[in-house]
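Chain and residue survey
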Amino acid sequence: MNDLDELTKIWLIGTDQLSVDKLVLSETLQSFSSSHPDYNVLDLTILAVVMERAGFIPAKAKPKFTPDDAQEWLPIAPQEALGALKKLLNLLQENTRKNSNIKFEYCLDEWITLGAENDFRADEECIYPLLSAYYGHELFESAKAVTGERGKWLLKNHPTWRSSDDNDPNDDENFWQTGNHEQRIRFLTQLRATSPKEAFLRFEQGYVKDNAQERETFIKIIGVPQDETELAFYEKMVLTDKSVKVQIALAEMLLLTEQSSLFGEVREIFKRSIRFKKGHFLKKNTLELEFPDQLPAHWKKWGMSFTLLSYLPVSEWLTHCNLSLNELFKAGLASDASEKLFNIWLNACLHHQDHLCWEEWLRFSVEHKRLKPEEVLSVINIIDRLPVTQCTKIFTHYLKEAQKDIKNPLLNDVVWCLMEQYGDQFQWRKEEVLLFLNYLLKMDKAFPDVNKVMQMQTGIDLYVPYSVLAGIGKFDSYESKNYFYPDYYHAPKRAYPFNFKFPTMIPVDMYTEIEEWQKKHSDDSDFSVLLRNIAEVLRCRQSYQPLLTKI
Amino acid sequence: MFTNEQITAIIPDNASLSAGKKLVSGSWLSLGKSEHFIWGEIKGSSSTPYQTGIDLSEPAFKCSCPSRKFPCKHAIALLFIGAENESRFTSLSPPDWMVQWMANRERKAEQQEAHKSKLPPTEKQVKDAEKRKEKRRKNVDEGVEEMFLRLNNMLKHGLTSFAIGDYSFWIEQASRMTNAQAPGLATIMKRCYQMMQKHPSRERRLITELSLLYLLLKSYRNIDTIDSLLKSDVESLIGSIQKKEDLLTSESANTITDHWLIFGKYKKTYVSDNLTAHYVWLYGLESKRFALILDFVFGNNALNEIYVPNTYFQGELMYWDSGFPLRAVVKQKEPCLDPLEAMRSSRSSFKNWEEMLDYVADVLAVQPWADNIPVRIDQVVLTYEQDRWLLLDKNEQVLPLHHLFPVSQIWHILTLSGGYPFNIWGLWDHDEFIILYYGIKEYYFTVNKLEFII
């Protein structure tokens, strides 16, 4: 113990409790003390501080990291691709900090996948950001591959990444106790998959110490209770946990378990709160909804009652009201709580993966024009199950809606999402093509700065140049049918933001038809502009060029 | 033109960076450049295009957009265009609005020159200033005595009897010192709170801070008897306001003309005061002298001058009096376009920690409160022990990295170095090291976006 440590004692306890002569001070300091009897503790402390600061002696240590002597054998990626990677990594870091909703990670995924497939590596400046971004991600192996020998060296030396790489079971306990949030998530997910009971035990033991956010996340990992012990724990915590979010997470899991008493309780509430009212004369059949005050009051306040109902399978509704699916939806449409009911049913379909009901819900909603843009985004992955006419109907409906309110981000989001996923499946008749081109023109006017359009789509400034899209093409036949193939070399140098799937080939007959129409309407100046653009855009059908095509 | 890394370092926030990058491929109506200026016009949400101009020698910015950020996204985009594709600047003759701005800048510079040589103050002005000075001195004297009592009180009853972990405890002391016109003492109080929150050996560090405060108070009591340079340090640490204009007009000030390398930059944000201190560290390539340019900004206000890390300028720096002079103001500067690498090779550095600590001891002998002492060390490697990151020299001796130094930066530096020794430029802060600039093989990198929140 040195002088400053000794003096720290007196500072903490106070001179009222401890006197200087009780301290064990060095001779140097004592000599100061004796030669100046009026020196008090303050003087001694400043002397000790100055001596320590001026006489700082560095400790001895050995290097922890053996230098990386492996020879890089992979060639470094081309400069252009590296530039794009750095840009994406920058965006990723900014995005993480801002916690924004911008989705562009798929471009990064594509970069590393193609890089790994084509045996290229990123330069050293990208290694740490890449590995930290992909740690715990399914593409971690690809990320490792593109970071070359230096990446391997880093992984070998990084305490967290190393343990994940070695998969040493002895480290697991330590990992669960001391790892960060992401590491613990990864650990628990793996353990639940391989040894579910063990995973639940760890989760239960740590429950009191974990904060609400952790508890909520871990509940989602543990998922539906698998035995009575787990069920009992969930049932207890659903009513006693201090966090509402955790209560909701627990309730959601319990409602997927038929044995749970909460499930039974909700079923009872449901029976008492939903009433089918038969119509007569001009009055339609309808549903009435009234919740009894049975569940905790705060659950009602937070809309938990609706959340709970959305976990009840739609089949329960059918049995309870003794109706067919179509009749139930019709009655729901006539109800005062129509919006809520359709929302509950949609969520019920999603929770129980009830595809038939889901499709029927979508078909009914399209037919009765009650489909909301938010709902389209939630059901986007089932739209391709609908017949192509209905699928196109949804698209054209939102194309029209978006044109009425061209700056509405939600509507534009729906159009671009649909285009991105099913652009090549829609029934592209003349009307649809015209409608879409008109929409593009409006977008062009509304967002003269092309980057804004891009920002809306992907949040990044990656785009296929117009020169790629608006090429002059040639006609050729494929499977005994004539198609127009775009040629990408003679095009106006203007950028245009496309990154969605477009049919790569356009049937010739349609192209000719449009050209004819163009000739016919050439007097109408506005319309001729539109048609000129149609002709151009029809030549521009090319799928999004991945970043690394050039590698 | 600046590099991407240099541009990133001067950008106010990430949102601006992102917005600026997106505008690089935006629809610029015109882009032009001259020797020290670049400009462009871009269509924005207003009916007329925004006019953006940059004086690269400062750099200084001008934009007709309504943004209050500085530089705005348009200026940032212009800088990135310069970095990525200079050939896009096709126009060589500046448009009228740019000519006008250039002329305004020239006129302003002349006015500043004229301001420096203005008439001496009248007798009444001198008397009033004296009165104010006397009143302030009285207030500060009272504040110092009060601080003495408080310090003695803490020692008498022991620190554990006080709520030293609470913000309110320290902020109350700080407010009293601010009222006593001793803002330097208020800053020390806030720093004490910071120590209690984040420092790994908080009690020891707190006691170090309090005893240095005690030495400062005692020096102030005896200010008439101490050396004149130390006297300047004491006054400055207590919080006497040093006017930049006074220094610039002073004939006795220590002035050095050199090629100044901007090797480091960071900011300290004082959340409770809504104040940000911007630290810019310079190194004179011929004089081998370090300098600190310190600028304070309230709220979201713009900085007076922007310094781009890893660039340098030829200029005249005036140092404030101190036992260990570091803080300076730039009297005059000219951008320097010679190759940086050749200039950097002229430097000399410490070979190991012992050498550096000998130098630190010399510095402390003349200025015992000196913290953040700038130094350069060659050939160190990163290592860690007992949860602390350390820097290991050739003699296998270690010093700890600053506890607030971002871990992601440490791993990044380690990856770049591959475990091999590298050169560092940084600050010795009491008992920890802050890396600001590091050289791996022939490349030098700046530690960007370093921020300490207090």
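About the cut-offs
Residues numbered from 1 in each chain as written. Chains lettered and ligands numbered in written order. Predicted model: local features only at pLDDT ≥ 70, side-chain atom pairs only at ≥ 80, totals over all residues. Heavy atoms only, no water. Helix = DSSP H or I, 4+ residues; strand = E, 2+ residues; numbered from the N terminus. Buried < 20%, exposed > 50% of the residue type's maximum accessible area, 1.4 Å probe, protein only. Contact = heavy atoms within 4.5 Å. Areas by Shrake-Rupley, 256 points an atom, 1.4 Å probe, with all protein chains shown as cover. pLDDT = per-residue confidence, 0-100. Pairing = 2+ DSSP bridges. Axes fitted to C-alpha atoms, helices over the stretch in contact; angles between N-to-C directions. Buried area = accessible area lost by both parts, 1.4 Å probe. Salt bridge = Lys/Arg side-chain N within 4 Å of Asp/Glu carboxyl O. Polar contact = N/O pair within 3.5 Å; in protein donor to acceptor, adjacent residues only side chain to side chain. Nonpolar A, V, L, I, M, F, W, Y, C, P; charged D, E, K, R; others polar. Core = buried A, V, L, I, M, F, W, Y, C linked by side-chain atoms within 4.5 Å.

Attention shifts here to the overall build of chain A. Helix and strand counts for chain A stand at 30 helices and 6 strands. Taking all 551 residues of chain A together, the buried fraction comes to 47%. Long-range pairs, those at least 24 residues apart, make up 64% of the contacts in chain A between residues at least 6 apart in sequence. For chain A, the exposed area adds up to about 28200 Å²; of that, 51% sits on carbon and sulfur atoms.

On to the overall build of chain B, then. For chain B, the count of helices and strands is 13 helices and 16 strands. The contacts of chain B with a sequence gap of at least 6 include a subset with a gap of at least 24, amounting to 63%. When the accessible surface of chain B is summed, it comes to about 20700 Å², and 50% of that surface belongs to carbon and sulfur atoms.

Residues and elements named next belong to chain A. Considering every residue of chain A, the mean pLDDT works out to 71; 66% of them sit at 70 or more. By mean pLDDT, the top-scoring element of chain A is helix α8 (residues 148-157) (90), and the lowest-scoring one is helix α28 (residues 466-469) (27). Note on residues 521-528: pLDDT under 50 across the span, and 5 contacts to partners over four residues away in sequence or across chains. With pLDDT under 50 throughout, residues 534-551 is counted as low confidence; its partners more than four residues away or in other chains account for 67 contacts.

In space, the 7 strands of this open sheet follow the order β1(A)-β12(B)-β11(B)-β10(B)-β13(B)-β14(B)-β15(B), with antiparallel pairing throughout. Edge positions in the open sheet fall to β1 (59-60) of chain A together with β15 (443-446) of chain B, since each of these has one partner strand only. Here strand β13 (residues 422-429) of chain B pairs with strand β14 (residues 432-440) of chain B via 7 bridges, running antiparallel. From the neighbouring strand, W428(B) faces β14(B), where its bridge partner is F433(B). In this fold helix α13 (residues 407-417) of chain B packs onto β10 (373-385), β11 (388-392), β13, β14 and β15 of chain B, with an angle of close to 35 degrees to the strand it touches most, β14(B).

Residues and elements named next belong to chain A. Checked against the element boundaries, F342 lands in helix α21 (residues 338-352). Judged by relative accessible area, which is 0%, F342 ranks as buried. Distance in space between the C-alpha atoms of F342 and R370 is 9.5 Å, their sequence separation being 28 residues. When sequence neighbours within four positions are dropped, the list of residues in contact with F342 reads F329, G332, L333, W361, F364, S365 and R370.

Chain A puts 57 residues into the contact, and the matching count from chain B is 63 residues. With both chains or domains summed, chain A and chain B bury close to 5600 Å², and 60% of this area falls on carbon and sulfur atoms. Of all residues in chain A, W11(A), R53(A) and F56(A) give up the largest surface area on contact with chain B, accounting jointly for 15% of the area buried on that side. Between K218(B) and D43(A) there is a salt bridge, with its nearest N and O atoms 3.1 Å apart. For the pair chain A and chain B, the interface holds 23 residue pairs in polar contact (both at pLDDT 80 or more). Going through the elements one at a time, α1 (3-13), α3 (41-54), β1, α4 (79-98), α6 (124-134), α8 and α27 (450-457) of chain A are the ones with two or more residues in the side of chain A that touches chain B. Top element by residues in the side of chain A that touches chain B is α3(A). It accounts for 9 residues. A breakdown of the residues in the side of chain A that touches chain B according to their chemical character gives 27 nonpolar, 12 polar and 18 charged.

Let's shift gears to the nonpolar core. Ranked by internal contacts, the top residues of the largest apolar core, which has 86 residues, are M356(B), I424(B), I435(B) and Y438(B). With 7 residues, the single largest contributor to this core is β14(B). In contact with I424(B), other than residues within four places in its own chain, are W353(B), V375(B), R376(B), I377(B), V380(B), L391(B), F433(B), I435(B), Y437(B) and Y438(B). In this structure, M237(A), V238(A), V415(A) and F436(A) belong to the second largest nonpolar core, which totals 76 residues.

Let us look at the pairing of β11(B). All names here are of chain B. Where burial is concerned, most of β11 is hidden: 4 out of the 5 residues are buried. Two successive antiparallel strands, β10 and β11, enclose a turn made up of 2 residues, where Q386 displays a positive phi of approximately 45 degrees. In terms of strand pairing, β11 meets strand β12 (residues 397-400) through 3 bridges, oriented antiparallel. Paired with L391 across the strands is L399, a residue of β12.

Here the focus is the sheet that holds strand β3 (residues 50-55) of chain B. Residue and element names in this part refer to chain B. Strand order in the open sheet made by the 4 strands is β1-β2-β3-β4, with antiparallel pairing throughout. For this open sheet the edge positions go to β1 (28-33) and β4 (60-63), each flanked by a neighbour on one side alone. Mean inter-strand twist for the sheet, computed between neighbouring axes without regard to direction, equals 10 degrees. Of the strand pairs in this sheet, β1 and strand β2 (residues 37-42) are connected by 5 bridges, and their pairing is antiparallel. Bridge pairing in β2 links L31 to G40.

In this section: the confidence of the model for chain B. Residues and elements named next belong to chain B. Averaged over all residues, the pLDDT of chain B equals 84, while 93% of them reach at least 70. Within chain B, helix α11 (residues 340-344) has the poorest average pLDDT of any element, 51, and β12 the best, 94. The complex model carries a pTM of 0.58, and its ipTM stands at 0.74.

Here α8(A) lies mainly inside the structure; 8 of its 10 residues are buried. Buried within α8(A) we find G148(A), E149(A), R150(A), G151(A), W153(A), L154(A), L155(A) and N157(A).

All names here are of chain B. With 9 of 9 residues buried, β14 is to be regarded as a mostly interior element. Where β13 hands over to β14, the hairpin turn is made up of 2 residues, of which H430 adopts a positive phi near 60 degrees. In this structure, β14 lies alongside β15, joined through 4 bridges in antiparallel fashion. By the bridge assignment, G439 is partnered in β15 with Y444. Linking β14 back to β15 in an antiparallel pair, the connection comprises 2 residues, with K441 at a positive phi of about 55 degrees.

So, about the pattern of salt bridges. Scanning all chains against the criterion turns up 36 salt bridges over all chains. Residue E339(A) is joined to R370(A) by a salt bridge in which the shortest nitrogen-to-oxygen separation is 3.7 Å. Taken together, the residues E339(A) in helix α21 and R370(A) in the loop between α22 (355-367) and α23 (373-379) connect sequence positions 31 residues apart. The partner of E316(B) in a salt bridge is K331(B), and the shortest N-O contact between them spans 3.8 Å. Linking E316(B) in strand β8 (residues 312-319) with K331(B) in strand β9 (residues 328-335), this pair joins segments that are 15 residues apart in sequence.

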